[in-house]
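Given next are the chains, with one letter for each unit.
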Amino acid sequence: HKNGIAHKDLKPENLLLSSDYQIKLSDFGFATETNNSLNKFSKFSTFGTNGFFPPEVYSSGNLKSIDPIQCDFFALGVTLFVIVCGYKPFGAAKRSDNHYKKIMRKNYEKYWNELPFKTIELSKEFKDFIMKFFSANIKERFISFEEIRSAQWMNESDWTNTNDRNMLKAEFEMRKKKIDFDIF
C-alpha cells in the first residue's frame, strides 16, 4: 500500500514462501493504483475471490465508493484465519451467511463456539485480533499495518526468539515435504 497499489485478491493461494521463509505476494491481476484520484473507484469494477470481500462489497449499490485498501485488510484477516485455523471463517461476509451474521451482531462468543471445526485452541488475543479485521463496521477495523503490528496478539510471542523461529521453520519444512510428497 505504501507504494500506491491495492492487491484486491489477497488469499492464501496468492502468497508464496521464499526459501528463507519470507512471504511474497503473487497474482496482481486485480491490483489497482490507490493514489490516483481519477481512479477512485473504477477500482472495484473487478474483484478478487468471493469469501475474502468485506461486507460493503455485497451491500453497496455503488462499488466505486469502496476503498480497495480496506478490502485488502479484510482479506488479510480472512487469509490469516485460514493460515492459523486451516479453513475459512465464513462463506461470505454478508447477512445471509450464518457465521458472518454472528460477527455482524457482535455475538463473538457464539461465533467461536459454533465454528464447524475446532482444529486448535485459539487465544483470546487472537480472537480479538481477528474480529477487528472482520467487523461489519468499517470504522472498527484495522486501518494500517502499524495498527496491526501494535495489536496485542502480534506482540504476545517473541518472534525474534531463536527457538520460536526454529519451531516455525520446522513446521514449514514439514508442510513442504508433505506437499512435495503429495505432488510427486
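Quantities reported herein were computed from a predicted structural model and do not represent experimental measurements. (Residues numbered from 1 in each chain as written. Predicted model: local features only at pLDDT ≥ 70, side-chain atom pairs only at ≥ 80, totals over all residues. Heavy atoms only, no water.)

## Here we look at the overall build of the chain
Thinking step 1. The number of helices and strands found in the chain is eight helices and four strands.
Thinking step 2. In sequence order, the chain lays out its α and β elements as β-β-β-β-α-α-α-α-α-α-α-α.
Thinking step 3. In the chain, which comprises 184 residues, the share counted as buried stands at 34%.
Thinking step 4. For the chain, the exposed surface amounts to about 11,500 Å²; the carbon and sulfur share of it is 54%. (Helix = DSSP H or I, 4+ residues; strand = E, 2+ residues; numbered from the N terminus. Buried < 20%, exposed > 50% of the residue type's maximum accessible area, 1.4 Å probe, protein only. Areas by Shrake-Rupley, 256 points an atom, 1.4 Å probe, with all protein chains shown as cover.)

## Remarks on the packing of aromatic side chains
Thinking step 1. Evaluation of the coordinates by the stated rule reveals 15 aromatic pairs.
Thinking step 2. With centroids separated by 6.1 Å and ring planes inclined at 45 degrees, the aromatic side chains of Phe74 and Phe90 adopt a geometry described as tilted. One end of the pair, Phe74, is in helix α2 (residues 68-85); the other, Phe90, is in the loop between α2 and α3 (98-104), and 16 residues separate them in sequence. Accessibility assignment for this pair places Phe74 and Phe90 in one class, buried.
Thinking step 3. For the ring pair Phe74 and Phe134, a centre distance of 5.7 Å and an interplane angle of 50 degrees mean the geometry is tilted. Separated by 60 residues along the polypeptide, Phe74 in helix α2 and Phe134 in helix α5 (residues 124-134) bring together distant segments of the chain. Here Phe74 matches Phe134 in class, with each residue buried.
Thinking step 4. Connected via pairs of aromatic rings, a cluster forms that spans Phe74, Phe81, Tyr87, Phe90, Tyr100, Tyr111, Trp112 and Phe134. (Phe/Tyr/Trp six-rings, centres within 6.5 Å; stacked < 30°, edge-to-face > 60°.)

## As for the environment of Thr49
Thinking step 1. For Thr49, the position within the fold is in the loop between β4 (32-33) and α1 (55-59).
Thinking step 2. Overall, the relative accessible area of 22% leaves Thr49 in the partly exposed class.
Thinking step 3. Filtering out sequence-adjacent residues up to four positions away, Thr49 remains in contact with Asp9 and Lys11. (Contact = heavy atoms within 4.5 Å.)

## A word on α2
Thinking step 1. Its 18 residues give α2 an end-to-end C-alpha distance of 25 Å, which sits within 8% of 26 Å, the value for a rise of 1.5 Å per residue.
Thinking step 2. Counting buried positions along α2 gives 14 out of 18 residues, so the element sits mostly inside the fold.
Thinking step 3. Looking one or two residues past α2, Gly86 carries a phi angle of roughly 95 degrees, positive in sign. (Expected span 1.5 Å × (residues − 1).)

## Let's talk about the pattern of salt bridges
Thinking step 1. A complete count under the given rule lists six salt bridges for this structure.
Thinking step 2. Residue Lys102 is joined to Glu114 by a salt bridge in which the shortest nitrogen-to-oxygen separation is 3.0 Å. Placement of the pair is Lys102 in helix α3 and Glu114 in the loop between α4 (108-113) and α5, with a sequence separation of 12 residues.
Thinking step 3. Using a relative accessible area of 38% as the deciding quantity, one classes Glu114 as partly exposed.
Thinking step 4. Close ionic contact of Lys124 with Asp128 constitutes a salt bridge, the shortest N to O distance being 2.5 Å. (Salt bridge = Lys/Arg side-chain N within 4 Å of Asp/Glu carboxyl O.)

## Digging into the nonpolar core
Thinking step 1. Ranked by internal contacts, the top residues of the largest apolar core, which has 29 residues, are Phe81, Phe90, Trp112, Phe126, Phe129, Ile130 and Phe134.
Thinking step 2. Elements supplying a minimum of two residues to this core: α2, α3, α4 and α5.
Thinking step 3. In terms of residue count, α2 provides more of this core than any other element does, eight residues in total.
Thinking step 4. When residues no more than four places from it in sequence are discounted, the contact partners of Phe134 are Phe74, Gly77, Val78, Phe81, Pro89, Phe90, Tyr100 and Ile103. (Core = buried A, V, L, I, M, F, W, Y, C linked by side-chain atoms within 4.5 Å.)

## Digging into the confidence of the model for the chain
Thinking step 1. Confidence in the prediction for the chain averages 78 pLDDT; 73% of positions are at 70 or higher.
Thinking step 2. Taken together, the stretch residues 37-44 has pLDDT below 50 and engages in 22 contacts with residues farther than four places along the chain or on a different chain. (pLDDT = per-residue confidence, 0-100.)

## Considerations on unusual backbone geometry
Thinking step 1. One non-glycine residue, Lys106, adopts positive backbone phi at about 60 degrees.
Thinking step 2. Positionally, Lys106 belongs in the loop between α3 and α4.

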